[in-house]
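Each chain, letter by letter, is given below.
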Amino acid sequence: FLSSESSGLGDNFRHSEEGMELLLEKPVSRDALRDCLCRVLARVKSEGRKDRKKPEKLDKTSRPRRILVVDDNQLNQRLASTLLTKRGHQVSVAENGQEALNSILRSKYDMVLMDIQMPVMDGLTAVRIIREEPEKYGPDLPVVAMTAHALPGDQEAFLKAGMSGYVSKPFKPHELIEAAEQMAADGMNIENGGNIVAAEINREAILENFMDDEELLFESIDLFLERISARMASLKEGVTAKDPDVY
């Protein structure tokens with residue numbers, strides 16, 4: 001739009017031909033400026049929705065894998081399991097490092113996605129045990145860290161502890177799938193620093209991260225609300241009891 005001191009009718013037609021959407025006359029009033037901005041932004045938002053590309057369809061892989069997802073957060077469990085299952089992989093879930101070790105002894109897995117911070121046994125302790133006892137847990141089992149810690153020092157510590165690679169949380173669907181399948185296929189190191197923080201709630205962007213699956217999104221929200229309520233109650237008890245180790 002153009003701000004102009006001229007108010008002739010002919011100017012409106014001339015500016016329209018030159019590609020101007022709206023003509024504001026000077027002096028500009030607050031209400032006129034607000035109305036102009038609202039109209040322009042509404043049009044931009046509408047065109048953005050129309051032009052938004054749908055997420056790529058998750059085709060079934062030709063090489064399905066057995067993958068163990070280790071995370072105490074039910075939301076992360078559900079999201080990772082659903083994405084990998086839609087891709088055609090066979091997924092099992094464990095809630096901490098100790099459960100992961102027990103599961104690895106019972107079943108054979110092509111790779112493990114391991115959270116770092118968990119109760120009972122954390123991810124770094126679990127992967128150290130796996131590497132220290134290769135005859136028991138497998139000498140070449142790929143273990144990929146899923147972590148919100150993206151600092152260079154943390155990443156080096158993960159690899160030194162025995163992680164085969166890492167992906168940052170929150171992860172995008174194709175980032176997780178690519179990391180899992182690449183690691184399971186050839187054991188290459190994965191480094192993914194794609195940690196995305198949204199500045200505002202964008203429903204379309206959120207749905208894109210859930211492959212436009214509204215049912216999965218709503219289920220994940222419910223799981224988060226249930227989990228955060230229990231966590232807050234636990235924290236309040238810890239404060240009352242002056243217990244610094246409450247989880």
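Analysis parameters
Counting restarts for each chain: residues are numbered from 1 in the order of the written sequence. Given that this is a predicted model, residues contribute local features only at a pLDDT of at least 70 and side-chain atom pairs are listed and counted only at 80 or more, while totals for whole chains, interfaces and linings are drawn from all residues. Excluded from the side-chain calculation are hydrogens and water; included are all heavy atoms of the structure. Note on conventions: DSSP H or I runs of at least 4 residues are helices, E runs of at least 2 residues are strands, and numbering of each starts at the N terminus. Buried, partly exposed and exposed residues are distinguished by accessible area as a fraction of the type maximum, computed with a 1.4 Å probe on protein chains only: under 20%, between the cut-offs, and over 50%, respectively. What sets the accessible areas is the Shrake-Rupley method with a 1.4 Å probe; for residues, cover comes only from the shown protein chains. pLDDT is a residue-level measure of predictor confidence that goes from 0 to 100. The contact criterion used is simple: two residues touch if any of their non-hydrogen atoms lie within 4.5 Å. By definition, two strands form a pair when at least two bridges between them are found by DSSP. Each salt bridge in this description consists of a side-chain nitrogen of Lys or Arg and a carboxyl oxygen of Asp or Glu lying within 4 Å of one another. Centres within 6.5 Å are what make two rings of Phe, Tyr or Trp a pair, Trp counting through its six-membered ring; a difference in plane orientation under 30 degrees is then read as stacked, over 60 as edge-to-face, and the rest as tilted. Here, a charge over a ring is recorded when the distance from Lys NZ or Arg CZ to the ring centre is within 6 Å and its angle to the ring normal is within 35 degrees. To define axes, lines are fitted to C-alpha atoms, for helices over the stretch in contact only, and angles between the resulting N-to-C directions are given on a 0 to 180 degree scale. Roughly parallel covers angles under 35 degrees, roughly antiparallel covers those over 145, roughly perpendicular covers 65 to 115, and oblique covers all other angles. In this scheme, a crossing is called left-handed if the near helix is turned counterclockwise away from the far one by less than a right angle; it is called right-handed if the turn is clockwise. Classes in brief: Ala, Val, Leu, Ile, Met, Phe, Trp, Tyr, Cys and Pro nonpolar; Asp, Glu, Lys and Arg charged; the others, Gly included, polar. In these notes, a set of buried Ala, Val, Leu, Ile, Met, Phe, Trp, Tyr and Cys residues joined through side-chain atoms within 4.5 Å is what counts as a nonpolar core.

A few words on the overall build of the protein chain. Helices and strands together make up the secondary structure of the protein chain, namely 10 helices and eight strands. Taking all 247 residues of the protein chain together, 35% fall into the buried category. Of the roughly 15,300 Å² of accessible surface on the protein chain, a fraction of 52% belongs to carbon and sulfur atoms.

Averaged over every residue, the pLDDT of the protein chain is 76; residues scoring 70 or more account for 74%. Below pLDDT 50 for its whole length, residues 7-17 participates in six contacts with residues either more than four positions away or in separate chains. Taken as a whole, residues 187-200 scores under 50 in pLDDT and shows 28 contacts with residues more than four places along the chain or in a different chain.

The alternating pattern of strand 7 (residues 165-168) places G165 and V167 and Y166 and S168 on opposite faces, both of which are buried. With four bridges connecting them, strand 6 (residues 143-147) and strand 7 associate as parallel partners. Among the inter-strand pairings, A145 is bridged to a residue of strand 7, identified as Y166.

Okay, the pattern of salt bridges next. In this structure the tally under the stated criterion is four salt bridges. Between D71 and K169 there is a salt bridge; the shortest N-O distance is 3.4 Å. Of this pair, D71 sits in the loop between strand 3 (66-70) and helix 3 (74-86) while K169 sits in the loop between strand 7 and helix 8 (173-186), and the two are 98 residues apart along the sequence. Given the relative accessible area of 12%, K169 is considered buried. Residue E133 is joined to K136 by a salt bridge in which the shortest nitrogen-to-oxygen separation is 3.9 Å. Under the relative-accessibility criterion, E133 is labelled partly exposed at 27%. You can call K136 partly exposed: its relative accessible area is 43%. The network of salt bridges with common partners includes D71, D115 and K169.

Here the focus is the packing of aromatic side chains. Counting across every chain of the model gives zero aromatic pairs. Its guanidinium or amino end placed over the ring of Y109, R66 lies 5.3 Å from that ring's centre, counting from NZ or CZ.

Right, let's talk about the environment of A126 for a bit. Mapped onto the fold, A126 is located in helix 5 (residues 123-132). Distance in space between the C-alpha atoms of A126 and A161 is 9.5 Å, their sequence separation being 35 residues.

Taken N-terminus to C-terminus, the directions of helix 3 and helix 10 (residues 214-241) make an angle of 160°; their axes are 8 Å apart at the nearest point. Put simply, helix 3 runs roughly antiparallel to helix 10. The way helix 3 lies across helix 10 gives a crossing that is right-handed. Every residue of helix 10 that contacts helix 3 at Q74, L75, R78, L79 and T82 is listed here: L216, E219, S220, L223, F224 and R227. Partitioned by chemical class, the residues of the contact of helix 3 with helix 10 number five nonpolar, three polar and three charged.

Moving on: the nonpolar core. If you look at the biggest cluster of nonpolar residues, it comprises 25 residues, and the most contacted ones within it are L68, V70, I104, V112, M114, V143 and M163. Elements with a contribution of two residues or more to this core: strand 3, helix 4 (97-106), strand 5 (111-115), helix 5, strand 6 and helix 7 (152-161). Tallying contributions element by element places helix 5 first for this core, with five residues. When near neighbours in sequence (up to four residues on either side) are disregarded, V143 contacts V112, M114, V127, I130, R131, M163, S164 and G165. Of all hydrophobic cores here, the second largest spans 22 residues; its members include V69, L79, L83 and M111.

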